[in-house]
Amino acid sequence: IAFGGRIIDGSGPKYLNSSDTPVFKKSRNLFSLNFAKKSEEKRLILAEGYMDVIAINQAGFENVVATLGTALTQEQARLMSQYAEEIIIAYDSDGAGQNATHKAINLLSEVGVRTKIIRMEGAKDPDEYIKKFGAARFRQLLDKSGGAIEFELDKCRNGLDTNTDEGRIEYLKRCVNVLSDISSPIEREVYIGKLAEVNKVSKEMLLQQVEGTIKRRINKAKSQEWTEIRTFQKQYKNNPDSYRHPKEYKAEVGIIAYLAGNPDEAEFVSSKVAPEQFVTDFNRKIYQVMLEKIKNSSFSDIHSLQSEFTADEMGKITEIAINSRDVNINRTGIDDFVNILANSADNQVDVKEMSNDDFLKYIQNLKNKK
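S.K.: How should the sheet that holds strand β7 (residues 146-147) be read in this particular structure?
M.R.: One key point about sheets: their strands pair by backbone hydrogen bonds, in either a parallel or an antiparallel sense. If you walk across this open sheet you meet the five strands as β4-β3-β5-β6-β7, and the pairing is mixed. If you trace the sheet from one side to the other, it starts and ends with β4 (64-66) and β7, each paired once. In this fold helix α4 (residues 95-110) packs onto β5 (86-90) and β6 (114-117), with an angle of close to 170° to the strand it touches most, β5.

Put into structure tokens, the structure is as follows:
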């Protein structure tokens with residue numbers, strides 16, 4: 001679907017990929033997945049780059065992939081979860097590799113896949129490890145790889161002298177933050193018990209600290225949500241539609257922003273939500289025009305809409321694009337937006353009043369949503 005390579009003489013960018021096309025986007029694909037997906041193993045090895053993948057593959061491990069010169073994305077994490085029950089992260093052991101591992105753990109956790117981390121001693125990356133110790137030792141490393149929580153708890157020691165009271169207290173505080181991120185109460189209690197036993201502190205005290213941290217986060221999230229609602233109402237008070245339907249308006253804006261950044265996804269998006277399901281008139285018009293222009297290959301970005309909207313309207317559209325620029329929206333997010341619109345009171349359809357053709361279209365649209 002594309003070409004990728006690495007410059008080895010130090011000139012230019014480290015990685016080079018083909019430009020985006022209708023079938024290739026580097027944030028949604030994985031190097032060597034075409035080989036890895038054929039493996040009989042139910043796990044994938046996630047390496048940092050092309051050369052590591054080649055070295056691991058040559059050592060006899062076909063189930064290895066890498067991102068295309070970028071940090072792992074949600075789309076790539078979800079793609080891996082389709083082919084494996086377990087992901088083993090084999091990033092470099094340097095600081096950058098450890099930071100990348102931390103980010104990958106969070107993304108893989110969000111898609112519900114079990115994650116483990118290789119701990120390479122005596123080598124900075126898988127390529128060097130295999131050359132020094134061989135393929136058999138590397139397989140042992142894979143089989144003995146630890147879980148993501150152990151990795152995060154171990155990182156809590158960085159820069160601390162846990163032989164001092166101050167260092168030990170700071171270490172336990174960091175561990176409490178890690179444990180409060182565990183969604184499963186059973187898993188959380190197991191790790192709290194282990195941590196308490198190893199550090200000779202009260203399990204009840206640790207549990208209390210973790211539960212207190214979780215409660216504070218929930219209260220902070222609620223407070224932030226109310227702040228966003230008040231800001232939203234103030235910002236859009238002159239727009240009656242958006243003021244009356246704040247949730248639907250935000251969902252519509254999310255769909256428009258995703259489509260603007262991913263016009264190649266127009267068929268997927270339009271199969272999920274029809275323009276008629278948009279609650280606000282202005283957003284419905286934007287969505288309709290975008291779909292039409294993408295269909296006619298006359299859409300490149302938001303500015304392509306200038307011929308269909310006034311200067312004031314283009315100002316509003318540009319504001320939507322700017323406000324949504326830093327929001328990471330993916331297909332799962334689109335499904336959430338679609339559900340919001342589908343459950344809107346304005347979209348409750350009386351099928352008795354439909355014509356036969358409209359009824360068939362309605363049924364087909366429901367099938368597409370599934």
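S.K.: Help me out: how do you make sense of the packing of aromatic side chains in this one?
M.R.: The way to describe two aromatic rings as a pair is by their centre distance and the angle between their planes. Per the stated rule, a full pass over the model turns up six aromatic pairs. Taking 4.6 Å as the distance between ring centres and 65° as the angle between the ring planes, the aromatic pair formed by F31 and Y50 counts as edge-to-face. Taken together, the positions of F31 in the loop between β2 (15-17) and α1 (33-36) and Y50 in helix α2 (residues 50-58) put the pair 19 residues apart, joining distant regions of the chain. Classification of Y50 as buried rests on a relative accessible area of 4%. Where Y129 meets F138, the ring centres are 6.3 Å apart and the plane angle is 55°; that geometry is what we call tilted. The rings of F61, Y129, F133 and F138 are connected pair by pair, giving a single aromatic cluster.

S.K.: Please clarify how the state of the cysteines should be interpreted in this entry.
M.R.: A covalent bond between the sulfur atoms of two cysteines is what we call a disulfide. For the coordinates displayed, the defined rule picks out zero disulfides. Among the cysteines around C156, which has no disulfide bond, C175 carries the closest sulfur, lying 4.2 Å off.

S.K.: What is the right way to look at helix α16 (residues 331-342) in this model?
M.R.: Structurally, the α-helix is built with 3.6 residues per turn, so residues lying three or four positions apart point the same way. Compared with the 16 Å implied by 1.5 Å per residue over twelve residues, the 16 Å span of α16 between its first and last C-alpha is a close match. The set of residues buried in α16 consists of G333, I334, F337, V338 and L341. One side of α16 carries all its buried residues, which in axial view fall inside an arc of 140°.

Calculation notes
Residues numbered from 1 in each chain as written. Predicted model: local features only at pLDDT ≥ 70, side-chain atom pairs only at ≥ 80, totals over all residues. Heavy atoms only, no water. Pairing = 2+ DSSP bridges. Helix = DSSP H or I, 4+ residues; strand = E, 2+ residues; numbered from the N terminus. Contact = heavy atoms within 4.5 Å. Axes fitted to C-alpha atoms, helices over the stretch in contact; angles between N-to-C directions. Phe/Tyr/Trp six-rings, centres within 6.5 Å; stacked < 30°, edge-to-face > 60°. Buried < 20%, exposed > 50% of the residue type's maximum accessible area, 1.4 Å probe, protein only. Disulfide = S-S within 2.5 Å. Expected span 1.5 Å × (residues − 1). Arc of directions from axis to C-beta.

Purely spatial values, then, with no claim about function.
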